[in-house]
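# What the coordinates show
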Amino acid sequence: MSPLRYSVPQRILHWGMALLIFFNLLFPGGMEHWNSLVRRGETVTPEDVASANIHAYVGIAILALAVVRIILRLVQGAPEPPVEEPAALRLLAKVTHGLLYVFLLAMPLGGIAAYYFGVEIAGELHGGVMKLVLWLLIVAHVAGALVHQFYWKTNVLARMTHGRVA
Ligand code: HEM
Ligand code: HEM
């Protein structure tokens, strides 16, 4: 039997991690500055490293929380996609969720490879195509949630927020 709603820890992790991810997506300035100094072979001050570290530590927190979240998901499961939704879109939602999980691991791992181990290609992928695909997945994900709320009028938002579902 699958649950009717996400558990409280799953909900806290979902929204807390969304904040951290938006922070790193929207404010990577300190890390970008550090990266351009290193690439040009210029002097890096302790202040430059400190502001790059904010991005790195937030990203590492995302990686650690993603592991906890995936374990919880395997143990506690998740509500079934609503029956109102056409089968093809139910599959699309599953694929999008799966890819989001993959990116919650791959994005920080790529950053770590670039920042701590100097793997340039990892940095290029991390700040280039992976960033772009992650944005596209998030836009599709939010659009899906809004279509549920306002078109199908299902309870998917409720089961990821206050949890009061029939
Ligand atoms: C989910 C977590 C993360 C997200 C969403 C994220 C997002 C970003 C974004 C948006 C950029 C700027 C790319 C650009 O527009 O040029 C960037 C660059 C970078 N990030 Fe992250 N990041 C994450 C985790 C990490 C971690 C954990 C590290 C290292 C410990 C890291 C290291 C870097 C580095 C080195 C760059 C510069 C890459 C380059 O342009 O070559 N990131 N990241
Ligand atoms: C960085 C941002 C986000 C990420 C990485 C993310 C990731 C995820 C993932 C992986 C799931 C699937 C949970 C599972 O079944 O195990 C999920 C579910 C959900 N997300 Fe997000 N999410 C983000 C932002 C948002 C936002 C802004 C909204 C608001 C519109 C939202 C609304 C939902 C809802 C309603 C569900 C439950 C879907 C269902 O019950 O089938 N998410 N999210």
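Residues numbered from 1 in each chain as written. Chains lettered and ligands numbered in written order. Predicted model: local features only at pLDDT ≥ 70, side-chain atom pairs only at ≥ 80, totals over all residues. Heavy atoms only, no water.

### Some points on the side chain of R159
Mapped onto the elements of the fold, R159 is located in helix α7 (residues 156-160). Buried charge R159 goes without a salt bridge, the closest partner of opposite sign being E85 at 6.8 Å. If we skip the residues at most four places from it in the chain, R159 touches L4, R5, Y6, R11, P79, E80, P81, P82 and V165. (Helix = DSSP H or I, 4+ residues; strand = E, 2+ residues; numbered from the N terminus. Buried < 20%, exposed > 50% of the residue type's maximum accessible area, 1.4 Å probe, protein only. Lys, Arg positive; Asp, Glu negative; His and termini not counted. Salt bridge = Lys/Arg side-chain N within 4 Å of Asp/Glu carboxyl O. Contact = heavy atoms within 4.5 Å.)

### Let's talk about the site of ligand 2
Near ligand 2 lie 20 residues; those nearest to it are H14, R73, Y101, H141 and R159. Between ligand 2 and the protein, one listed contact pairs an oxygen atom with a side-chain N or O atom of R73 at 2.4 Å. Between ligand 2 and the protein, one listed contact pairs an oxygen atom with a side-chain N or O atom of Y101 at 2.4 Å. Of all the cavities here, the one that holds ligand 2 is the largest pocket. Those elements giving two or more residues to the shell around ligand 2 turn out to be α1 (8-26), α3 (46-76), α4 (87-117), α6 (129-152) and α7. Its residues assigned to classes, the shell around ligand 2 shows 14 nonpolar, 3 polar and 3 charged. (Near = heavy atom within 4 Å. Polar contact = N/O pair within 3.5 Å; in protein donor to acceptor, adjacent residues only side chain to side chain. 1 Å grid on protein atoms, 1.4 Å probe; cavity = no way out; pocket = protein on both sides within 12 Å on 5 of 7 lines; lining within 4 Å. Sits in = over half its atoms within 2 Å of the grid points. Nonpolar A, V, L, I, M, F, W, Y, C, P; charged D, E, K, R; others polar.)

### Some details on the coordination of the iron atom of ligand 2
Taken together, H14 (NE2) and H141 (NE2) make up the full set of protein donors to the iron atom of ligand 2, lying 2.0 Å away. Every donor counted, the 6 donor atoms about the iron atom of ligand 2 form angles of 87 to 179° at the centre, which fits octahedral coordination. Highlighted residues: H14 in helix α1 and H141 in helix α6, separated in sequence by 127 residues. H14 sits in the buried class, given a relative accessible area of 13%. (Donors = N, O, S within 2.8 Å, 3.2 Å for Na, K, Ca; no water. Tetrahedral: all angles 85-135°; square planar, octahedral: opposite > 155°, others 65-115°.)

### A short note on a nonpolar patch on the surface
On the surface, Y57, I60, Y116, F117, V119, I121, L125, V129, L132, V133 and L136 cluster together into a nonpolar patch covering about 1,000 Å² of accessible area. Contributions of two or more residues to the nonpolar patch are made by α3, α4, α5 (120-127) and α6. Of the residues forming the nonpolar patch, the biggest block, 4 residues, is contributed by α6. Owing to a relative accessible area of 32%, I60 belongs among the partly exposed residues under this scheme. (Patch = residues over 30% accessible without salt bridge, like charges linked within 9 Å, V, L, I, M, F, W, Y side chains within 5 Å. Areas by Shrake-Rupley, 256 points an atom, 1.4 Å probe, with all protein chains shown as cover.)

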